[in-house]
Amino acid sequence: MVLDDPAVTTPQARTDAPWRHDAKKEDLNVIGKPIRKVDARSKVAGLTRFADDLSMPRMLHMKLLRSTVAHAEIVSIDTSKAAALKGVKGILTGKDLPIPFGILPVSQDEHALCPDKVRFVGDPVVAIAATEEEIAWEACRLVEVEYRELRTIGGIHEGAANDEPRLHDYGVRGNIHRLENLEFGDLQDGFAKAAHVREDTFFFEGNTHLPMEQHASLAHFDKDGKLTIWSSTQTPHYLHRALARTLHPLPAHHIRVIACPNGGGFGGKSDPFNHEIAAAKMAMLTGRPVKIALTREEVFWCHRGRHPVLMRSKIGVNKTGRITALDFHSYLDGGAYGSYGTASTFYTGALQTVTYAVDNYHFRGARFFTNKAPCGPKRGHGTPQPRFALEVQLDKIACDLGIDPAQIRLDNLAPRDSLTANFLRIGSMGLGQCIEKVVAGSGWKERRGKQERTKDGRIRGLGLACSSYLSGAGLPIYWNGLPHSGVQLQLDRSGLVTVFCGSTDIGQGSDSVLTWIVGEVLGVDPLGMRVVTSDTDLTPVDLGSYSSRVTVMTGNAAMQAAERARDIVAKGVADKLGVPASRLVFADSRVYDAEDPKKGMTFAEAVVCAEAKFGTIGTVGSYTPPKSAAKFRGGGVGPSPSYSYSATVVEVEVDPDTGIYRVPKVWMAHDIGRALNAAIAMGQIEGSVYMGLGEAMMEEMVYRDRTHKGNRIFVHKIPSMLEYKSPSALEMPEVVSYVVEDYDKNGPFGAKEVGQGPLLPMMPAVANAIYDAVGVRVDEIPVSFEKVFAALQAKKEGKEARFGPSNGPDGVPEVDFGDSLKIKTPWQGGDGTAWNEPKREKKAAK
Amino acid sequence: MSEPNKVLETFSVNGEPHEVAFLPHKTLLEVLREEMGLTGTKHGCELGECGTCTVQIDGTPVLSCLVLAVDAVGKDVRTVEGMACGSGLHPLQDVFADLGAAQCGYCTPGVLMAADALLRDNNSPTREEIKQCLAGNLCRCTGYLKIFEAVEIAAARMRGEDAQPSEESIYGAR
Amino acid sequence: MLRLPPFTYHRPKTAAEAAALHKEHGKQAMFVAGGTDLYPNMKRRHQVPTHVVSLQDVPGLTAIEQLPDGRLAIGAMVSLTTLEKHLQLLRDYPGLAHAIAEISTPLLRNMGTIGGNLLLDTRCTYYDQSHEWRESIDFCMKKDGAICWVAPGSPRCWAVQSSDSVPVVCAMEAEFELVSTEGTRTVRGDALYRDDGIEYLTKKPEEVLTRLILPKTGGWKASYLKLRRRDTYDFPVLGVGACVWTDAGGVVTKANIRLGGAGSYAIPATESEKLLVGNQLTDELIAAAGTAAMKPARTMDNTDLDVYWRRKVAPVFVARALAACK
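Residues numbered from 1 in each chain as written. Chains lettered and ligands numbered in written order. Predicted model: local features only at pLDDT ≥ 70, side-chain atom pairs only at ≥ 80, totals over all residues.

A. The arrangement of the overall build of chain A in detail. Looking only at helices and strands, one finds 20 helices and 34 strands in chain A. For chain A, the spread of C-alpha atoms along the three principal axes comes to 85 × 75 × 60 Å. Looking at chain A as a whole, 64% of its 846 residues qualify as buried. Considering only contacts within chain A whose residues lie at least 6 apart along the sequence, 80% involve residues at least 24 apart. (Helix = DSSP H or I, 4+ residues; strand = E, 2+ residues; numbered from the N terminus. Buried ≥ 20, exposed ≤ 12 C-beta atoms within 10 Å, placed from the backbone. Contact = placed C-beta atoms within 7 Å.)

B. Up close: the domain arrangement of chain A. Residues and elements named next belong to chain A. When cut into domains, chain A gives domain 1 (25–30 + 484–623), domain 2 (51–150 + 209–302) and domain 3 (309–474 + 631–811). Each of domain 2 and domain 3 was reduced to a C-alpha centroid, and the two centroids are 35 Å apart. Counting residues at the interface gives 26 residues for domain 2, matched by 26 residues for domain 3. A per-element tally of the side of domain 2 that touches domain 3 places helix α8 (residues 296–302) first, with 4 residues. Here the residues of the side of domain 2 that touches domain 3 are counted per class, giving 10 nonpolar, 8 polar and 8 charged. (Domains from an automatic or database assignment. Nonpolar A, V, L, I, M, F, W, Y, C, P; charged D, E, K, R; others polar.)

C. Looking closely at the sheet that holds strand β12 (residues 290–293) of chain A. Residue and element names in this part refer to chain A. The 7 strands lie next to each other as β3-β5-β1-β12-β9-β10-β11, forming an open sheet whose pairing is mixed. The sheet terminates laterally at β3 (88–93) and β11 (255–259), the two strands that pair on one side only. Pairs of neighbouring strands in the sheet enclose a mean axial angle of 20°, with direction left out of account. Pairing of β3 with strand β5 (residues 124–130) involves 5 bridges; the strand directions are antiparallel. Paired with Thr-93 across the bridge in β5 is Val-126. Running at roughly 150° to β11, helix α6 (residues 236–246) makes contact with β10 (227–231) and β11 of the sheet. (Pairing = 2+ DSSP bridges. Axes fitted to C-alpha atoms, helices over the stretch in contact; angles between N-to-C directions.)

D. Focus on the interface of chain A and chain B. Residue-level contacts link 49 residues of chain A with 44 residues of chain B. Among the elements of the structure, α1 (40–44), α18 (678–697) and β30 (734–740) of chain A are those that each provide at least two residues to the side of chain A that touches chain B. A per-class count over the side of chain A that touches chain B returns 25 nonpolar, 15 polar and 9 charged.

E. Broad picture of helix α5 (residues 145–158) of chain B. Taking 1.5 Å per residue as the helical rise, α5(B) with its 14 residues ought to reach 20 Å, and the 20 Å between its terminal C-alpha atoms agrees with that figure. By the criterion of burial, α5(B) is predominantly enclosed, with 10 of the 14 residues buried. For α5(B), the full list of buried residues reads Leu145(B), Lys146(B), Ile147(B), Phe148(B), Glu149(B), Ala150(B), Val151(B), Ile153(B), Ala154(B) and Ala155(B). Residues of α5(B) that are buried in the fold lie against α18 and β30 of chain A together with α2 (91–99), α3 (108–121), α4 (127–133) and α6 (167–171) of chain B. (Expected span 1.5 Å × (residues − 1).)

F. Highlighting the environment of Arg134(C). All names here are of chain C. Inspection of the secondary structure puts Arg-134 in helix α8 (residues 131–136). A tally of 24 C-beta atoms within 10 Å means that Arg-134 is categorised as buried. For Arg-134 and His-46, which are 88 residues apart along the polypeptide, the C-alpha to C-alpha distance reads 10.0 Å. If near-sequence neighbours (up to four positions away) are discounted, Arg-134 is found in contact with Gln-129, Phe-139 and Asp-144.

G. Representation of the confidence of the model for chain B in the model. Looking at chain B as a whole, its pLDDT mean stands at 96, while 98% of the residues score no less than 70. This prediction of the complex comes with two scores: 0.97 for pTM and 0.98 for ipTM. (pLDDT = per-residue confidence, 0-100.)

H. Local environment of the sheet that holds strand β3 (residues 54–57) of chain B. Residues and elements named next belong to chain B. Across the sheet, 5 strands lie side by side as β2-β1-β5-β3-β4; this open sheet has mixed pairing. Bordering the open sheet on either side are β2 (16–22) and β4 (60–63), each of which pairs with just one other strand. Going across the sheet, the axis of each strand differs from the next one's by a mean of 40°, ignoring polarity. As paired elements, strand β1 (residues 7–13) and strand β5 (residues 76–78) share 2 bridges and run parallel to each other.

I. Looking closely at the pairing of strand β5 (residues 72–75) of chain C. Residues and elements named next belong to chain C. One ladder, built from 3 bridges, connects strand β4 (residues 64–66) with β5; its direction is antiparallel. Counterpart to Ile-64 in the pairing with β5 is Ile-74. Between β4 and β5, which pair antiparallel and follow one another directly, the connecting turn spans 5 residues, one of which, Gly-70, has a positive phi of 95°. Bridge count for β5 against strand β8 (residues 208–214) is 4 bridges, and the pairing is antiparallel. Among the inter-strand pairings, Ile-74 is bridged to a residue of β8, identified as Leu-212.

J. Representation of the nonpolar core. All names here are of chain A. With 438 residues, the main nonpolar core has Ile-128, Val-766 and Ile-770 as its most contacted residues. Counting residues per element, this core draws most heavily on helix α16 (residues 550–577), at 15 residues. Setting aside residues no more than four positions away along its own chain, Val-766 makes contact with Gly-463, Val-650, Val-652, Val-663, Ala-696, Met-697 and Val-783. (Core = buried A, V, L, I, M, F, W, Y, C linked by C-beta atoms within 7 Å.)

K. A look at the interface of chain A and chain C. In this assembly, 27 residues from chain A lie in contact with 23 residues from chain C. Elements with a minimum of two residues in the side of chain A that touches chain C: α3 (133–141), β28 (703–708), β29 (711–716) and α20 (785–796) of chain A. Its residues assigned to classes, the side of chain A that touches chain C shows 11 nonpolar, 5 polar and 11 charged.

Structure (structure tokens):
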């Protein structure tokens, strides 16, 4: 079906096309317009079928029996009573699924059902399928599991202090999963040049995604030996890989993963999950369709949310506030498994240099295994924690030096089209413009530092912060040289354009992004297209909806496929009309002569012409990001085709008697490159403000830590919608959003990401605003009421007006990071390699 | 205790009778989704803590996860599937779709049910009244702002006004 | 999906019949009004009655009636939404109307009843969890276990009084009408409640709460101030109900201050009350009364927000609640 004739395909970069990255707005018919999402009407009608909305005849319901202890060896499992319960049709334990899996090749440390050891309260041990969900639940209660309890590792300090018992038999040593130590430039020289040096300690408590939809999966193994699983996943491709691995010897091409529309993901549905693998295996065991729909509490056990991170940051600036050196330590509480943790660790050190020019930079990161639900990627993946630290610290520096916090940022901006100290390639860079927008909009210069009183006696304050985020990870999870995204187009004689792509719509509108790009290039109505996505049998691989990669990567692949289709159709029409193909215009579902617009035909007629000439019309496009400049070990995390930028000003009103505060208004500017759809981009900005506000004010994954009959009880304190506090309609502030468009040459039509970036500056901006209002520092997220109160009390008592982790030696654990990898910066003549890195053996290519 | 027997009852859902056999301890949420196949009503906690499963009973928005199905017999049950008329959509649905007030769309049916009940009582609610009305419906995607605006625009259109979203809400502030 | 355990469902036609049904099934029976407290608890297996007795068909329980002596009788099955918008309540009992408007969410207020809220189960972050979660802590004495996790040495349960209406209703000294097979009786204010997380009511299990009777207006003013994380959804982690009686000269003749969300019952702030009586409600006096409320605010670590902070801000909340009674 796919036509791949070199005569009719062209290279991707076309400077003459109207769809170049810096196209004028008035030349675009679809891009930038507030067209509704292609799936919007089904969603509002309640017709969108999420995973738990699916059912099949003879379907069984599966439940998981989960560990009730935090850390233990499994001595025995007795399922005999459960098996005897009427209605029970299948039971699986760890021995039925012995092959481990994990999202990253370097941490294949999970089992669908724990074979010998449980590592947190909630770790699954037994799966039971029955004719009714209640029967499966009752059957789980009849299973007897004997545990031999092991000492619990309850957090960062404990992970550092206790090498035994180890949670896993891999990693650096003891319970240290990862240690990274990267040094760029000359720190000694950098600090020597500093006129002012600060060292601060920060803590960012873990939090979770809390998507409204609870994960669900439906698996079916047919009599032809083919497995199909419908699941709430953001990454069908990686689930496909995990299933192929764990269900061995079932061949990968017998496995079909269909990602249902996700009822919110935010990163929480990016890992392959134990329940998905267990459901698939159960379907194979029983020969019947098997559904599992997690409870809300189980969603907390899936977690993979924000890592708790303890940070110590030492920063040096010259007398005008220009950063001369940054020495940053991060300590991550990884929870029980690897998940994306290797990447998360690097991300806590990767993007500091992308907002502000840091001439000399040293990053040390450590990730610990602990007996908590595993942490992973949540919106902003590993970067909100260091962003909080850096932005609060810059605020402190500005105060120390008497410089306007907005100005110190403007003075430190990383230059556009440059390489950072850690070899990240910055392209377009609109942060300066973002800062100017929010400064002007909020009346920053006039209103800051005024401590105005509200009518009810609260004190107003303004806080500013900035951030940057990736438009997709530059390197894939599996280093295989294959495209990150593939798109296939089919043009029907009716004029229908069908887009096939492995990307997954999690509410962000990725299905619609495909239609806007293809619609613009082919001049057809995006709402008239058909989109087939996230089905591993039908759609070309797209790595998934994570790291804000879809708009740029899938978008570029769609662009290429559409350009190729356009060329084929143009050739067909050119012959028919006797007009040069280069003169043809594709717009308004017509193809016509630019010099004589009446001379033309409908798009459907154009497809017929082309099909008559070339046969069935189908094209493909794919995308691989540019090669990274960073060649040192660890340089794989951080590179991206482009970086988005955000700046925000947050207004708070603090009750000085109680520490209770509210956030009435937020100004948020985001450099999106180009908004492919204005209204949908606004939705992402507002949603990011919302989620960031939740993290800033209240959201946290905290644990109960008690002792009972000699054993330690260590369990998530509040795994419910009610007690895991998430802002309601009443907490949402007024938001003034500014869409800054600094067209980026690597993005389709110049677009960059928007789904994650605007979340990042919210947390530090809230903390900075509290300081502006009442003069106290809360160096810990969330900035909850009681912490503001405690800092106010400390201030009143003449102590340091601060709440946060100790700045003393006990504030961070003692960790031997070993020797650093030393990398010369670009301005030192570095080539992106570490000059002291031991030679690695070359892996077999691809 | 002995196995409870199913009961056979006729429900009025979206103005149509539905005869269903179900166990008497089943909630309306379970019966709507699992017995009637009306999966437009979603669920996020089943404990009354999120608002996702909101439906209307005799015009009042309630949480279907905490209503026994038997208690809805003889009453007028309305779900998101009953909002649209013919091939078109209800004005609320229409604006929600156009404005991007539904992102993942999972909380949307519940939000629509609550908002629809509000507009029946109050055809020109203030922003504050809309917020209060939706104070029991959690949304994790939108930050609520597009939802508030969509309700305002839909209300205006239902009053016969030609309301459009503001330039600022679509393109941002200048 | 969390689901209810099976049960037999009853819808009696009179309060006496309801009481009789309850008596017949004893510990296997529970009443249900709006279901917003009971059904989540049943889904988490806190309560697993095999007989659920609904009060929805009992006539008269949805009435709001002005009694000849000036008191206002509110049927136990009146929805919280109805009360929150009830003009007479808003005019004559604004403190209570405000407390009711602060309960959970509009959707739950549509379903929940005043009777249900007055009898709300006590709450605790060790208890309001799924069966599986509670298994991981070996349960607690309120259900299935032996100890109280809040105070492990304690012989009693410390689950928290979490109703918004109770502190203000107790402060107002409102009365409760209870119907059983033995007839009707009335108890006043605090007398309905006990300082125990498990046996938090003095009412016999089979007694039906039929009416809340509010005192005649005039000469007093009541208020309610709630501490919680969000302006909706959340239960109070401190709920101050205050009621102040003054004479024509503005001198306080009686004052009741009840602290909800701070213990297993609405705790009286006795010292604060004493400070007020015989004096004018000046700002200074109010502040002093607030400070004196710190001692009885014996917050425990079994709700949202920091336990010590909740106690430290209690004086501020008490003072503000009193200021609203001016």
